[in-house]
Amino acid sequence: RKFRHEIIEFPVVFLNSETLEVDLEFHRYVRPTEKPQLTEFCIELTGIQQSWVDNADTIDVVLREFYSFLEEQSLFYRPASGARTFVFCTDGPMDLQGFLRPECRRKGLNLRNCWQSYIDVKKTFSEVFKEKKCSLQEMLSCRGLQFQGRPHCGLDDSKNIARLVAELLREGHCLQPPPLPKPKEPK
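Remember, predicted model here, so these are calculated numbers, not experimental data. For every chain, the first residue of the written sequence is number 1, and numbering continues from 1 along that sequence. Residues qualify for local features only when their pLDDT is at least 70, as the model is predicted, and side-chain atom pairs are given and counted only at 80 or more; totals for whole chains, interfaces and linings, by contrast, use all residues. To get the side-chain values, all heavy atoms of the structure are used, and hydrogens and water are removed first.

Side note on the pattern of salt bridges
Reasoning step 1: By salt bridge we mean one thing: a side-chain nitrogen of Lys or Arg within 4 Å of a carboxyl oxygen of Asp or Glu. Summed over all chains, the structure comprises 11 salt bridges.
Reasoning step 2: Put simply, Lys-122 and Asp-91 hold a salt bridge, and the shortest N to O gap is 3.8 Å. You can see Lys-122 sitting in helix 5 (residues 121-129) and its partner Asp-91 sitting in the loop between strand 5 (88-90) and helix 4 (94-106), a full 31 residues away along the chain.
Reasoning step 3: Exposure classes here rest on a 1.4 Å probe applied to the protein chains alone. A residue is buried below 20% of its type maximum, exposed above 50%, and partly exposed in between. Owing to a relative accessible area of 23%, Asp-91 belongs among the partly exposed residues under this scheme.
Reasoning step 4: The network of salt bridges with shared partners includes Glu-6, Glu-103 and Lys-107. The secondary structure listing takes helices from DSSP runs of H or I that are at least 4 residues long and strands from runs of E that are at least 2 residues long, numbered from the N terminus.

Looking at helix 3 (residues 59-72)
Reasoning step 1: In this model, helix 3 (14 residues) spans 20 Å end to end at C-alpha, consistent with the 20 Å of a helix rising 1.5 Å per residue.
Reasoning step 2: When helix 3 is considered as a whole, its buried residues turn out to be Ile-59, Val-62, Leu-63, Phe-66, Tyr-67, Phe-69 and Leu-70. What you see down the axis of helix 3 is that its buried residues fit within an arc of 155°, all on one side. Exposed and oriented more than 90 degrees from the buried face of helix 3 are Arg-64, Glu-71 and Glu-72.
Reasoning step 3: Contacts were defined at the residue level, with two residues in contact if any of their heavy atoms lie within 4.5 Å. Structurally, helix 3 contributes buried residues whose contacts are with strand 1 (9-15), strand 2 (22-29), strand 5 and helix 4.
Reasoning step 4: Immediately beyond the C-terminal end of helix 3, within one or two residues, lies Ser-74, with a positive phi of roughly 60°. How far a helix is expected to stretch is found by multiplying one less than its residue total by 1.5 Å. The arc under discussion is defined with respect to the helix axis, by the directions toward the C-beta atoms.

Quick notes on helix 7 (residues 154-170)
A turn of α-helix holds 3.6 residues, and therefore any two residues three or four places apart point the same way.
Reasoning step 1: Compared with the 24 Å implied by 1.5 Å per residue over 17 residues, the 24 Å span of helix 7 between its first and last C-alpha is a close match.
Reasoning step 2: The element helix 7 is extensively covered by neighbouring structure, given that 12 of its 17 residues are classed as buried.
Reasoning step 3: Listed in full, the buried residues belonging to helix 7 are Gly-154, Leu-155, Asp-156, Ser-158, Asn-160, Ile-161, Ala-162, Leu-164, Val-165, Ala-166, Glu-167 and Leu-168.
Reasoning step 4: On its buried face, helix 7 is in contact with strand 1, strand 2, strand 5, helix 5 and helix 6 (136-142).
Reasoning step 5: Downstream of helix 7 by a residue or two, Gly-172 has a phi angle that is positive, lying close to 90°.

Here you go:
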């Protein structure tokens with residue numbers, strides 16, 4: 001039986017690609033509605049406490065707050081023109097394809113265009129260094145960096161992904177999201 005994941009932490013760290021410094025952070029805990037009680041495994045893995053999610057907003061509210069945050073910071077993505085001021089970088093496809101998109105589908109929430117493309121840092125790292133796909137800690141170690149914080153804490157994971165992306169950019173590696181599929185022509 002396939003487990004239905006619900007997002008309980010929504011961290012986004014904005015790395016400035018010119019200065020290679022983190023300029024902004026957006027972080028919220030999220031109250032799960034399908035399975036409101038966290039398992040002991042989840043609490044142990046993430047460090048997130050039941051009271052934190054009990055007092056948090058649901059994913060629909062957190063997404064609205066995130067979109068407002070993007071607007072307040074003048075961050076945008078316009079797929080028609082290709083104009084963007086940010087791109088998501090993830091440690092593999094699971095956060096977006098395995099967690100966010102399915103949960104939003106189940107709950108009838110529409111995701112904005114900014115979620116359509118992202119940079120899979122794990123895949124890019126594997127291709128650049130001709131290595132098998134490995135964990136975030138292993139990728140950092142390969143570049144002479146140590147993981148900072150608690151593994152599986154979303155905010156700490158995000159900060160470490162940003163550190164890895166900064167190192168890759170510093171070394172001159174180009175990180176580009178894959179092109180969006182072209183819209184189908186009407187028949």
